[in-house]
Amino acid sequence: MAISFHLDVVSAEAGVFSGLVEKLYISGEMGDLEILRRHAPLLTTLKPGPVWIVKQNGQEEVFYTSGGLLEVQPEITTVLADTALRAKEVDEAQALEAKKRAEAILAGHAKDFDYVQAQAQLMEALAQLKALKKYRERGRG
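Residues numbered from 1 in each chain as written. Predicted model: local features only at pLDDT ≥ 70, side-chain atom pairs only at ≥ 80, totals over all residues. Heavy atoms only, no water.

Colleague: Before we go on, may I ask you to explain the overall build of the protein chain in this structure?
Modeller: Per the secondary structure count, the protein chain includes two helices and nine strands. Ordered by position from N to C terminus, the α and β elements of the protein chain give β-β-β-β-β-β-β-β-β-α-α. Judged by the C-alpha coordinates and their principal axes, the protein chain covers about 55 × 30 × 25 Å. Per-residue burial over the protein chain gives 38% buried out of 141 residues. Across the protein chain, every contact between residues at least 6 apart in sequence was considered, and the portion connecting residues at least 24 apart equals 53%. For the protein chain, the accessible area works out to roughly 8,000 Å², and carbon and sulfur atoms hold 53% of it. (Helix = DSSP H or I, 4+ residues; strand = E, 2+ residues; numbered from the N terminus. Buried < 20%, exposed > 50% of the residue type's maximum accessible area, 1.4 Å probe, protein only. Contact = heavy atoms within 4.5 Å. Areas by Shrake-Rupley, 256 points an atom, 1.4 Å probe, with all protein chains shown as cover.)

Colleague: When you look at a nonpolar patch on the surface in this model, what are you seeing that I'm missing?
Modeller: Among the surface-exposed residues, L43, L69 and L80 lie close enough to one another that they form a single nonpolar patch of about 280 Å² accessible area. Summarising the element assignment, L43 is placed in strand β4 (residues 42–46). (Patch = residues over 30% accessible without salt bridge, like charges linked within 9 Å, V, L, I, M, F, W, Y side chains within 5 Å. Salt bridge = Lys/Arg side-chain N within 4 Å of Asp/Glu carboxyl O.)

Colleague: Would you mind going over the pairing of strand β6 (residues 60–65) with me for this structure?
Modeller: Look at any regular strand and the pattern is simple: side chains alternate between the two faces of the sheet. Of all six residues making up β6, five are buried, and the element is well covered by its neighbours. Across six bridges, the pairing between strand β5 (residues 49–55) and β6 is antiparallel. Note that in β6 the partner of V51 across the bridge is F63. Where β5 folds back on β6, the antiparallel hairpin that results is connected by four residues, among which G58 adopts a positive phi of roughly 90°. The pairing of β6 with strand β9 (residues 84–86) spans three bridges and is antiparallel. Bridge pairing in β9 places Y64 opposite L85. (Pairing = 2+ DSSP bridges.)

Colleague: I would appreciate a short explanation of unusual backbone geometry in the present structure.
Modeller: The general pattern is negative phi for most residues beyond glycine and trans for most peptide bonds. One non-glycine residue, R38, adopts positive backbone phi at about 65°. Positionally, R38 belongs in the loop between β3 (31–35) and β4.

Colleague: How should the packing of aromatic side chains be read in this particular structure?
Modeller: For any two aromatic rings, the description comes down to two numbers: the centre-to-centre distance and the angle of the planes. A complete count under the given rule lists two aromatic pairs for this structure. Measuring from ring centre to ring centre gives 5.9 Å for F17 and F63, while their planes differ by 55°; the resulting arrangement is tilted. Here the residue F17 occupies a position in strand β2 (residues 15–28), and F63 occupies one in strand β6, the gap between them amounting to 46 residues. Exposure class is identical for F17 and F63. Each is buried. (Phe/Tyr/Trp six-rings, centres within 6.5 Å; stacked < 30°, edge-to-face > 60°.)

Colleague: For this particular structure, what's the right way to read the pattern of salt bridges?
Modeller: Working definition: two side chains of opposite charge can pair if their charged atoms are close together. All told, the structure shown has four salt bridges when counted by the stated rule. The closest approach of N and O atoms between R38 and E75, which form a salt bridge, is 3.6 Å. With R38 in the loop between β3 and β4 and E75 in the loop between β7 (68–72) and β8 (76–81), this residue pair connects regions lying 37 residues apart in the sequence. Of the charged contacts in the structure, one is a salt bridge between R86 and E61, with a shortest N-O distance of 2.6 Å. Here E61 lies in strand β6 and R86 lies in strand β9, a separation of 25 residues in the sequence.

Purely geometric stuff here, so don't read any function into it on its own.
Following this line, the structure appears as structure tokens:
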């Protein structure tokens, strides 16, 4: 049995996951991270995207987070996300429509055009689709 640590994935709405894991893969603001037990303490902001875990029993699970914070302590790691859900719960049609709308806004350059908001909407839609793709690649969809 591999060495594990406790992971909590929580959002403003609810706890999404709490349990023992062997590995955590997540996108930090400065790049992708792999967290193992006894990782050096760390506090970093997160980019929207997939969160991939390997549980204590070897099973894998993929989540989507829209950003937030990652806190790593030697025996416990916490993902505090703005929004967090299991990747299988991502509504692909809704994410594709949001991506399409954001791309149209960015291409249109209307007078009341909010570039930052459109860019954020596009990045969130792409992150949801990336989480869903990772979920399917892991043989779960």
